[in-house]
Every structure is written in structure tokens, then in C-alpha cells.
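# Structure at a glance
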Amino acid sequence: MMKRHFFVDKTRQIAMLFVMGLVFPGQFSVAGPLCAGTGQCNITSPGAGVVHDSLYVKSLVLEYQGVKTALITLDVVAVGTIGELSRDFVAEVKSRLHHELGISQVLINASHNHLDGFLNGGGKIVSDVVGFTLRSVKKALENMEPVQAGAGAGSEGSFAMNRRIKLGDGKVFTIRHAHPGWPDQRIPTPGAIDPEIGILRLLRMDGSPKAVVYNYACHPYTGVPDKSVTAEFPGIASGVIEAHLGQGVMAFFLQGAAGDITEILYKDVDSPRSCVPFGLSLGENVLRKLKDIRCSKTADLLFISEKISLPLRRDIPEQLVRLDEENRQLIAGLRSTSLNLKTFIPLYVKYSLFPEFPSGASYEYQWENDRGYSGLEKMDEANRKDMEKYLRNILSMERLCENTENMAQLKLKQDEITTLGGDSVTVEVSGLRIGDFVVFTFPGEPFVQTGLRVKSFSPFEHTFLAGYTNGYIHYAPIRESYGEGGYETMNCILAPEWQEIYERKIQEIITRMT
């Protein structure tokens, strides 16, 4: 009897596990190999004009234990809010993937490419990006196959720089085309960057390459000399990787914590600016590290997604009053001068090159002195005073330009906060672990320090942060940056407390992952 009971009980247990596996496949099904498929669609508009290199939507579909996860990358400035994609883009794509293809675990990352029409005239991408995105996922589903996975990290430090320049007075100036420049002051310390390249290597079971996912933090907005359409350095880098590896390999760029990171020579006016060398360097560094990454045939996958509420800032009216008062003081400090631009420039050059005898030959000055005259010296004195006033006016004008731009950004953000209503905005943050490769997400532009902090408290060796994912809520400065100023703190809807809330949620997700 005991044997019979044992047999019946075991049969019931096996049947129950089988049923649970059907009902909850992602949680209870028997572990199988990780599978992957890749697909892409060209989303460059036929009417885009001159195209240096095309814009793409790419999809990496992963399947583990019967559950599919879609990792989607786009060569666009953002997945909604700014740029040409609608605010509902992410929601619409996720809804259609769920209802049409049964895929509910989705990450959609924008490279933050500014040359998708955002800075070069608009109309560069097709109108139905949602449809093209679905098409790329369907293509990926057509070539699903078992894969090996491995994680590693390379380094690229030759072209990224922190664009928040700390001036001698403790304030911050952000390098932008919309800001004229800053007075020459000693820069106490260069801002941080993150040179690390996070790399996920996917191989077919026969050892041939299937896909490469790589994460790096830097704004892509230098473009190419003729200002034509380009996917910027991420597109160039992916092209290098794909061309070198061949065999239908697809490279996926995940933009990192790039809120305060820019390409060097972004404002160079002495030679044509080009992102091509940056992309070539990044691609080569990915390939250099790729060959050292060992892959496992038993890699697993874990996806966790949560909604969190981040507080909205309430200080914009006070900031506007402060900037308006500063502008009033700057205007009040302007002084009349007999010079204009046409007369100032030759005078400035002459007095800079020949400070001792700017207005004539040395013997002419000596001739006047010998006879008790001082016409040249008095003229120089008057000219120097006028040039000093003119220079102060120029510096005040530059500051007025910066303040006016910052006020315009603050007003736009106040309008957005008013439209959102309430005291907080609800966003999605996720954690994705593929073998030893771990990436967390943020739906906006986090500073590089946030990415470095996430890496510091993660127990996983290969941890990375992907900003610009599953939404876009503008800049997310670290707490101490709010008092320093700079463009990013003006183009921001979040209160400083967002950082602690976000990091606490990431730590909770990490705990669940371990």
C-alpha cells in the first residue's frame, strides 16, 4: 500500500508541475538553452535628402524557459517627448508586441542620436516607426536559435568628455551650441566620464557569432561635415563590428548614463566636425575586447520591471525670478562706448599684438615725448577704456544669452509639470540579466555619476546602466548639481530627491536578482 500511495503521490506531483508549467511557463518550465533572434529595419525616410549612413530600428529577441524578451534599439534622439516619435510610442509598441506576438518583456532604447532630424531639419525618419519596429521583431522571431552568452568590458576614453565645466566661482557652465562660451577661468577639476564599454557576446552553438550588445555613455551630436543624415558614432561603431565579424552578425548599441557627457571638439570652429573617428575607435575597442569574452552554453535570463514615482520639482518660479533679476543687473551694467564691432576688432588686434606702441612706430611716441606732447598716449588711454567697456558688454551679452535660453527651458519644463499634474511622475525602470551581463534602465538622461554609483553597489561584475529606455523624462541631475546650475538643471522636471528613490529601487531589483 505504501508503494501504491507513493506512486500516486508522485504522479500527482508530476502532473501538478506539468500544469503549472503550462500556466506559468516563465516561472516553472524546465530550463532550456537561451535562444536569440535578430532583426532590423531601415527607418530613414525616402525624402531625407543626403544620407551619410542610414538610421535603423534593431530587435534582439531572447527566449528563456518559454518566455520571450525583446531588446529594441533605435537611432533616434528619444523614444517620445522630444524628437519625431510620439509620446505614446513606447506604450503602443509594447501593446502591439503583447497582443500580436505574445511578448511582454520589452526594453526600447534610443541612442539619443541628434542627427535623426532633431538638429538637421526634421523629416529624416519614416512616419510609421511603430510598424517598422514590429517588423524588425518579427524578423528576429524568424531566426531564433540556441545561443551561448558571455559578458565583458572594454574601454574607450579618447573622445568623451564631461561637458559640465566647473568654473572658479563654484558654478557650472554647460558646453552647448546654444551657449556662447565662458570667461577664461581656472577649471578646478575635470568632470568624470565612464570609459567602460559593457559588452554582451552571443554565439551560436557552433561558435559562430550571432549578435553583440554594447553599452557606452556619450551624447551623439557632432554629426558629419556635410550635416547629412547619420546614426552618429553608435551607427559607425556598429557598422565596424558587423563588417568585421560578418556572418549576419547584428550589433546593438545601448546608450548609457550620458546626461553630462559629450564628444570632444563638439564646438570646434577651425575644422569640419565629424563623428566618424569616434565611431571607428569605439567599434575597434569593442572588437578588441570581444575575442577575450568566454561564452557559456547554459546562460540564463532574468527580467524585472517596476513602476516608480519620482517627485516633480517645485522651484522653477523661484529660478525664473532669480534669472530675471540677474538679467536686470547685467543690463544695468552695460555701458556706452564709441566703439562698434567694426572698430573694436582692429583695435583689439592692434593693442594685443603691440601693447607698448599700438598706434604708431616707437619713434613717433618718442618724438611726441621729446616735445612734451602726449596725443598718442592719451588716444591709447581712451581706446583701452572703450575696449574694456566693450569687452565687458560682450561678456554680459553672452551671459544674457545663456540666461535667456535657460529661462526658456525652465518655462517649457514648468508647462510640462503643469500638464502632468500632481506631485510626481510615474516611470518604468527595469533590470535585465543575460548570463553575466546585467543592465538597469532609466527613462531619461542620467548623469554619468548615477551610472558609476549603480555599478559601485551592484554585486555583479558586469553591471551597466542604459538611459533613454522605455520613455523620456529629460535630464536627471545628481542632487549636488542643482545648486551648481548649468543647462541640465534647467531642462529638468525632477526634484533632487529622485536620485535616492531611483537608487533604492535599483538596489531592490538587485536583491531580487541575487
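Scroll up for the structure.
Described below are features of the structure shown in this document. (Residues numbered from 1 in each chain as written. Predicted model: local features only at pLDDT ≥ 70, side-chain atom pairs only at ≥ 80, totals over all residues. Heavy atoms only, no water.)

## Here we look at the sheet that holds strand 1 (residues 35-42)
Within the open sheet, the eight strands sit side by side as 4-3-2-1-5-9-10-11. Their pairing is mixed. The open sheet has two free edges, formed respectively by strand 4 (105-110) and strand 11 (250-255), since each of these has just one partner strand. When the angles between neighbouring strand axes are averaged without regard to direction, this sheet yields 25°. The pairing of strand 5 (residues 145-155) with strand 9 (residues 196-204) spans nine bridges and is classified as antiparallel. Bridge pairing in strand 9 places Gly 154 opposite Ile 197. Each of strand 3 (67-74) and strand 4 is contacted by helix 3 (residues 89-101), which is oriented at about 145° to strand 4, the strand it contacts most. Its contacts with the sheet put helix 6 (residues 276-290) on strand 5, strand 9, strand 10 (209-216) and strand 11, and the angle it makes with strand 9 is roughly 55°. (Pairing = 2+ DSSP bridges. Helix = DSSP H or I, 4+ residues; strand = E, 2+ residues; numbered from the N terminus. Axes fitted to C-alpha atoms, helices over the stretch in contact; angles between N-to-C directions. Contact = heavy atoms within 4.5 Å.)

## A closer look at the packing of aromatic side chains
For the structure shown, the criterion picks out 16 aromatic pairs. Through pairs of rings, three or more aromatic residues link up here, namely Phe 159, Tyr 214, Tyr 216, Phe 233, Phe 253 and Phe 278. Just above the ring of Phe 132 sits the side chain of Arg 135; from NZ or CZ to the centre is 4.5 Å. Looking at Arg 176, its charged tip hangs above the ring of Tyr 487, at a distance of 3.6 Å from the centre. (Phe/Tyr/Trp six-rings, centres within 6.5 Å; stacked < 30°, edge-to-face > 60°. Lys NZ or Arg CZ within 6 Å of the ring centre and 35° of its normal.)

## Points about helix 4 (residues 129-141)
Under the 1.5 Å per step criterion, the end-to-end length of helix 4 is 19 Å for 13 residues, consistent within 8% with the ideal 18 Å. If you check which residues of helix 4 are buried, you get Val 129, Val 130, Gly 131, Phe 132, Thr 133, Leu 134, Ser 136, Val 137 and Ala 140. Those residues of helix 4 hidden inside the fold are in contact with strand 1, strand 2 (56-64), strand 3 and helix 3. (Expected span 1.5 Å × (residues − 1). Buried < 20%, exposed > 50% of the residue type's maximum accessible area, 1.4 Å probe, protein only.)

## Quick notes on a nonpolar patch on the surface
A surface patch of nonpolar side chains, about 500 Å² in accessible area, is lined by Leu 341, Ile 345, Val 349, Leu 353 and Phe 354. Within the secondary structure, Phe 354 is located in the loop between helix 8 (341-353) and helix 9 (362-370). (Patch = residues over 30% accessible without salt bridge, like charges linked within 9 Å, V, L, I, M, F, W, Y side chains within 5 Å. Areas by Shrake-Rupley, 256 points an atom, 1.4 Å probe, with all protein chains shown as cover. Salt bridge = Lys/Arg side-chain N within 4 Å of Asp/Glu carboxyl O.)

## Quick look at the pattern of salt bridges
Applying the stated criterion to the full structure yields 30 salt bridges. Residue Arg 163 is joined to Glu 488 by a salt bridge in which the shortest nitrogen-to-oxygen separation is 2.8 Å. One end of the pair, Arg 163, is in the loop between strand 6 (160-162) and strand 7 (164-166); the other, Glu 488, is in helix 12 (residues 487-490), and 325 residues separate them in sequence. As far as burial versus exposure is concerned, Arg 163 and Glu 488 are alike and both buried. One network of salt bridges, in which partners are shared, links Arg 163, Arg 164, Lys 166, Glu 484 and Glu 488.

## What to know about unusual backbone geometry
Phi is positive for Thr 81, close to 75°, though the residue is something other than glycine. Of note, Thr 81 is situated in the loop between strand 3 and helix 3. Judged by relative accessible area, Thr 81 falls into the partly exposed class, the value being 25%. Even without being glycine, Leu 265 reaches a positive phi, approximately 65°. Assignment of secondary structure puts Leu 265 in the loop between strand 12 (261-263) and helix 6.

## Description of the packing of helix 5 (residues 232-245) against helix 6
Any two packed helices are characterised by how steeply their axes cross, that is the angle between the axes, and by the distance between the axes. Packing of helix 5 against helix 6 leaves a shortest axis separation of 7 Å and a crossing angle of 45°. By the criterion of interaxial angle, the relationship of helix 5 to helix 6 is oblique. Relative to helix 6, helix 5 is oriented so that their crossing is right-handed. In contact with Phe 233, Ile 236, Ala 237, Val 240, Ile 241, His 244 and Leu 245 of helix 5, helix 6 contributes Val 276, Phe 278, Gly 279, Leu 280, Leu 282, Gly 283, Glu 284, Val 286, Leu 287 and Leu 290. By residue class, the composition of the contact of helix 5 with helix 6 is 13 nonpolar, three polar and one charged. (Parallel < 35°, antiparallel > 145°, perpendicular 65-115°, else oblique. Left-handed = near helix turned anticlockwise from the far one by under 90°. Nonpolar A, V, L, I, M, F, W, Y, C, P; charged D, E, K, R; others polar.)

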